[in-house]
Each structure stands twice: as structure tokens, then as C-alpha cells.
There are 2 protein chains.
Amino acid sequence: MSTLHISSAFDRDLEAIQAQIMKMGGMVEAAILDAAKSLETRDLELAEQVRAGDKAIDKLEETINEEAARVIALRAPTAIDLRLILSVIKISAALERIGDYAKNMAKRTSVLADLPEVQGSQTALRRMAREVQGMLKDALDCYVQRDAALAMKVIAQDADVDQMYNALFREFLTFMMEDPRNITPCMHLHFIAKNTERMGDLVTNIAEQVVYLVTGETPDEARQKEDRSSTDSSISKV
Amino acid sequence: MSTLHISSAFDRDLEAIQAQIMKMGGMVEAAILDAAKSLETRDLELAEQVRAGDKAIDKLEETINEEAARVIALRAPTAIDLRLILSVIKISAALERIGDYAKNMAKRTSVLADLPEVQGSQTALRRMAREVQGMLKDALDCYVQRDAALAMKVIAQDADVDQMYNALFREFLTFMMEDPRNITPCMHLHFIAKNTERMGDLVTNIAEQVVYLVTGETPDEARQKEDRSSTDSSISKV
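Residues numbered from 1 in each chain as written. Chains lettered and ligands numbered in written order. Predicted model: local features only at pLDDT ≥ 70, side-chain atom pairs only at ≥ 80, totals over all residues. Heavy atoms only, no water.

## Topic: the overall build of chain A
Step number 1: The helix and strand inventory of chain A stands at 7 helices and 0 strands.
Step number 2: Reading the helices (α) and strands (β) of chain A from amino to carboxyl end gives α-α-α-α-α-α-α.
Step number 3: With 238 residues in all, chain A has 55% of them scored as buried.
Step number 4: By sequence separation, contacts in chain A at least 24 residues apart represent 86% of the contacts at least 6 residues apart.
Step number 5: Per element, the accessible surface of chain A, about 9700 Å² overall, is 53% carbon and sulfur. (Helix = DSSP H or I, 4+ residues; strand = E, 2+ residues; numbered from the N terminus. Buried < 20%, exposed > 50% of the residue type's maximum accessible area, 1.4 Å probe, protein only. Contact = heavy atoms within 4.5 Å. Areas by Shrake-Rupley, 256 points an atom, 1.4 Å probe, with all protein chains shown as cover.)

## Observations regarding the packing of helix α3 (residues 79–112) of chain A against helix α3 (residues 79–112) of chain B
Step number 1: Running from N to C, α3 of chain A and α3 of chain B cross one another at 45°; their axes reach a closest spacing of 12 Å. In terms of orientation, α3 of chain A and α3 of chain B fall into the oblique class. The element α3 of chain A and its partner α3 of chain B pack so that their crossing is right-handed. Where α3 of chain A abuts α3 of chain B, its residues L86, I89, K90 and R97 of chain A lie against L86, I89, K90 and R97 of chain B.
Step number 2: Grouping the constituent residues of the contact of α3 of chain A with α3 of chain B by class yields 4 nonpolar, no polar and 4 charged. (Axes fitted to C-alpha atoms, helices over the stretch in contact; angles between N-to-C directions. Parallel < 35°, antiparallel > 145°, perpendicular 65-115°, else oblique. Left-handed = near helix turned anticlockwise from the far one by under 90°. Nonpolar A, V, L, I, M, F, W, Y, C, P; charged D, E, K, R; others polar.)

## Some points on the UniProt feature "domain: PhoU" (unreviewed entry) in chain A
Residue and element names in this part refer to chain A.
Step number 1: Mapped onto the present numbering, the UniProt feature "domain: PhoU" (unreviewed entry) falls on residues 21–109 and 125–210.
Step number 2: Taken end to end, residues 21–109 is 94% helix and 0% strand, and its two terminal C-alpha atoms sit 28 Å from one another.
Step number 3: Helix and strand shares over residues 125–210 are 93% and 0% respectively, and the end C-alpha atoms of the span are 28 Å apart. (UniProt positions renumbered as here; feature names shortened; annotations may be inferred.)

So, in C-alpha cells, the structure goes:
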């Protein structure tokens, strides 16, 4: 009986933390969309909101970490339960980093507002950001549902984001070669594109965590993709 | 007596894991130096060694994570002991990411070997990499010695790395504006500079972990620095 009681108490604790993960995920999704919108519409006020909002995201990660530590100390979980609680720490860390990238995008909005506009790029970046936000939503859904199949779908979808990045990279190179005045804005826009591509990688990491939790092994796709990275003369991971 | 026995058993487990952290740190330090050397000397063989060596670093992180989980499950540590064992997971994750950046630098070596050389940049990048490697060495030393003062020194030192990055960023902009043929190589060199600056941030995170472990609070420096980031029209964090 007492084990049963402890186990169900652990489940309640875990659900409470997962609820906070979902809350954090919602905040990060909003930050991605708002940052991309502020970039496209040059909305400095919205950009400032994203920057200010990141503090709440960071705070929530701290809370989740403390809560996870508290549960480990209190329930002394083992095996799968411990794996679950440790995944909470990794997933909240990934969300925090995605939030940082969104904040960084918002910060560059104010920088780019003072620079010549580069036709169409902001719209393409916003499309890319929407793709990543959709992947993040799916990754968190498959996490709470322990849905490895959906997780594999999210991992596969990252290739689209990589393609969008590669297309933008070549576009920026062209713009810079056409007109030196494009070099500085394109360097910033390129950073944003690269950081958005990295957000996709972090979402992929979350999905990989889910596959690991459900199946007990990390998907090969991750390793294959890793090995392909940076070998193209114009593209790179990290 | 039994608590005493358990506690000392935990200490032995923790020491064993920390020894693996130091081993991983040594591998990552070597990867940083070799990657930077391969970039400067265009040594494709050395670059390939760095790329191949990253797999061992990733494997070691997995081992450290499993070992930490095993210790948590076996010893059910609480309070400071739990904080210590969780810090192992965070530090090995930071080391793994620094290793990825070194691998990425090595990958770009083969790309840059086919592109026109940009005078002096590789030498400056290698200097920057040496600075980061020195910081990493100190960060790991202060971790095993629980030396918060040295950790604060490491955190402060990151400003030098940021300055080196800023100088390089402006240099690359100039090269690109002078001659469009410099644009593609400078984009790659700039990535390497940015990734090296990020290595410095990750080393800073490790040092911050140490300060937190010893003093129980994260240094304000980190937060202040975070707030300054990306507001300069040519510089950015993340």
C-alpha cells in the first residue's frame, strides 16, 4: 500500500511539474511568434515586451529545476520515474535557450530598425519562426502524451527548417555581394535565421527526449543529421 | 553510523563522477586547441581527428548522465548532495556543447581550405580559442576545488573573449565591404568567432554553477551581462 501511495504521490508531483513545463512552453511559443512579428513589422514596443518577458521564462525554469530537485529528494524515484524527472530538467533547459533566441531576435529588431531594409527577408524569417513554433507545440504535446510517433514526425520536420535556413543563407550572400550597404543588415538577419534554425534543433532535442523516454533509445536520425552538419560549403550546424 | 557510511559512499560516487567530468574537460580543451590549430595551419587531418574525437566526448556525457542517475537512485541524496550531483549533469551538458562548437570549427576548416585566405583572421581566432581553453581549465579547477573566487575571475575574464569577438566582427565587416570575394570566407570565419564567443559563455555558465554550489546564489554579473547583450548595433549574444 505504502509503495502504491508513494508512487501515486510521485505521479501527482510529476504532473504538477509537467503542467509548469507546458506553461513555460506556451510562453516560449508566444515569444517566438511575437519576436518574429516585431521583426517584420518593426514593432519596437512588441520587441521590448519579448525582451522583458524572457525574465519570466528564466524564472520558471529555475522553479521547475527546484521543484524537480524537491521531488527527487522527497520521493527518491528510480528507473523510469527518475528518467522522467531528469527529462523535465533537460526539457526546461531547452525551452529556456529557445526563449533566449527569441529574446535575441527581439533585440535585433531595434538594431535593424536603424538599418536599410532587406526586401522580403523579414517575412521569410517570420515564416521560419512559425514553423519552429508549430514544431515546439507538437513536441510538447507528444511529451505529455508520451507519443513517440509524433516525436519522430517533429524530428523529421526539422529538415524543412534547415532548408528554409539554407535558402535564406544563400539569399543573404547574394544581397551582400550586390550591395555593400546590405552587408551589416544581412549579418544581423543571418544571425536571426541561424538562431531560428537552432531553435528547431532544440525542439528536435525535446522530441528526441520523448523518443528516449518512450522507447528507451535515442533516434538514429539525430546522429545521422549530426554527421551531415557543416560539410556543405555554405551551411553549418552549431 | 549508517548515515555516515551512506554519506561517505556518496562522496566516493561523486568523486568518481567528477573524475569523469575532468576527463571530459581535458578532451574538450584538447578539441578546442586542435580545432583552432587545424584552422590556422589548414591541417585537414587534424581537423578530421577533432571531428572523430567528438563522438567520444558525447559518449562520455551519456556515461556521466547514467552514472549520476544511478547515484541518485542508489543514494537518494538530498539538499547540497543532490545539488552537487545535478550540477554534474549541467556541467557535462555544457562541456558537450563546447565540444560541438570545436567540432564545428574543425568542419569549417575543410570548407575554408577551398576559399581565399583572409589575412591574419585565423591567427586571431586561434588566440581567442586559447583564451577560452584557459578559462575552461580554470572553471574545471575551481569546480573540483569549490573555489568561488576563482570562478568569479573566470566569469570576469569572459569580457576579454567578448572584446576579441567584437574586434573580429568589425574586421570581417571591413574585409567584406572591401572585396566581395571575402564575403563567403568571412561569413564562415565570423561563425567560428561567434561560436568561440559562445564557448566562453558556456565556460561562464560552468563557473556560475560553481559560484551557486559554493555560495548558494548565482552571481549578479551574469544577469547584468545578459541585459547588456545584443543592444550594440554590431554585437550580439546568442
